[in-house]
Amino acid sequence: MGYALGVLMDPLAGIKPWKDSTVAMLLEAGRRGHRIEQFTPGDLAVRDGRAHARMRPLRLRDAREDWHEAGEARWRPLADLALVLARKDPPFDVPFLHDTLVLDLAVREGVPVINDPRALRDANEKLASLWFPELVPPTRVSRDIADLADFVRAVGDAVVKPLDAMGGQSIFKTRGDDPNLIVILETLTRDGREFAMAQRFIPEARDGDKRILIVGGVPVPHALARIPQGLDFRGNMARGGRAEVRPLTESDRRIAERVGAEAVRHGLEFVGIDVIGEYLTEVNVTSPTGIREIDAQAGTSIAGLLFDRLDAIVAGAGRA
């Protein structure tokens, strides 16, 4: 039997439905008879101590154009819903931090929120990889420009990046003798005011930065390899990388199972990890992508696996 599903997501006008993982999830929800209520971060509020959202009923079609019908928006308590999917794209900024605190109020009223808002706060998508020090390449996180520069000089080729971006944005490949090293670090740290991450460059990046999706702690058996094109070292599809679906290697599976077990313990039901060569580089928790591409090439139904899990959570919580 269907139930009321809420989804916190970015505005519909900016969504590319043919490649969007949230849309894939909502199409599956519709196939199962669930009633979808959509809202954006700007639609959250607290009224009389209870979490509310300005929700609009949403119907979807699997199409590139004319793909949704949204009804009239109205304020309702989140407790009216059986489940909330939190699927806002990064950055994880102060407004989104406050969104998770509002979602906490819904959790207190017994509404499952996936992924858990506390875990969204705890698991920074760059820093959460450091929960698994045995899996990551040599890494330094610091605000101190000289400290980061010393690390880069020690490891040779390095990748440096901010902690709050996505899609390959503001990621630099550099080395100790790069005349631009200091200005790159000044830019990323905003002259030492914000943390940046530096990691030893992994040469296997030329063969693809693999996105592995994990559902309920269990890795999907195929990865999406994002392969750099031309002179750009980044494989991100947002930066022109070529997508290729591959079966997980033994190493991929070992890494994904290790992360998956810890993720579920924290309430992270849907996670996307990034693996290069034998190393874990990121743990994506706010709105992991890759469903559409993997399903298209591997014939899987990742959203189906996810909703098997979510439906059981709803039933277990007595929300159906």
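None of the values given here were measured: they were computed from a predicted structure.

Student: I would appreciate a short explanation of the overall build of the protein chain in the present structure.
Tutor: Helix and strand counts for the protein chain stand at 8 helices and 18 strands. Expressed as lengths along the three principal axes of its C-alpha atoms, the size of the protein chain is roughly 60 × 45 × 35 Å. With 320 residues in all, the protein chain has 52% of them scored as buried. Looking at the protein chain alone, contacts between residues at least 24 apart form 67% of all its contacts between residues at least 6 apart. When the accessible surface of the protein chain is split by element, carbon and sulfur atoms take 49% of a total near 14,200 Å².

Student: I would appreciate a short explanation of the layout of surface pockets in the present structure.
Tutor: To find the voids left in a structure, one rolls a probe of water-molecule size over its atoms. In this structure, the second largest pocket spans a volume of roughly 500 Å³. For the second largest pocket, the lining is made up of 23 residues, of which Pro-162, Leu-163, Asp-164, Ala-165 and Glu-194 are closest to its centre. Of all elements in the fold, only helix 3 (117-122) and helix 5 (181-189) reach the threshold of two or more residues within the lining of the second largest pocket. The residue inventory of the lining of the second largest pocket, partitioned by class, reads 10 nonpolar, 5 polar and 8 charged.

Student: Would you mind going over helix 4 (residues 145-155) with me for this structure?
Tutor: In an α-helix, one turn spans 3.6 residues, which is why side chains three or four residues apart end up on the same side. All buried positions along helix 4 are accounted for by Ile-145, Leu-148, Ala-149, Phe-151 and Val-152. Axial view of helix 4: buried residues confined to an arc of 160°, hence all on one face. Considering only its buried residues, helix 4 is in contact with strand 9 (139-142), strand 10 (158-162), strand 11 (172-174), helix 5 and strand 12 (196-200). The N-cap residue of helix 4 is Asp-144: its side-chain oxygen and the backbone nitrogen of Ala-146 are 3.0 Å apart. Gly-156 sits one or two positions beyond helix 4 and adopts a positive phi of about 90°.

Rules used throughout
- Residues numbered from 1 in each chain as written.
- Predicted model: local features only at pLDDT ≥ 70, side-chain atom pairs only at ≥ 80, totals over all residues.
- Heavy atoms only, no water.
- Helix = DSSP H or I, 4+ residues; strand = E, 2+ residues; numbered from the N terminus.
- Buried < 20%, exposed > 50% of the residue type's maximum accessible area, 1.4 Å probe, protein only.
- Contact = heavy atoms within 4.5 Å.
- Areas by Shrake-Rupley, 256 points an atom, 1.4 Å probe, with all protein chains shown as cover.
- 1 Å grid on protein atoms, 1.4 Å probe; cavity = no way out; pocket = protein on both sides within 12 Å on 5 of 7 lines; lining within 4 Å.
- Points joined across faces, edges and corners; volume = space filled by probe spheres on them.
- Nonpolar A, V, L, I, M, F, W, Y, C, P; charged D, E, K, R; others polar.
- Arc of directions from axis to C-beta.
- Polar contact = N/O pair within 3.5 Å; in protein donor to acceptor, adjacent residues only side chain to side chain.

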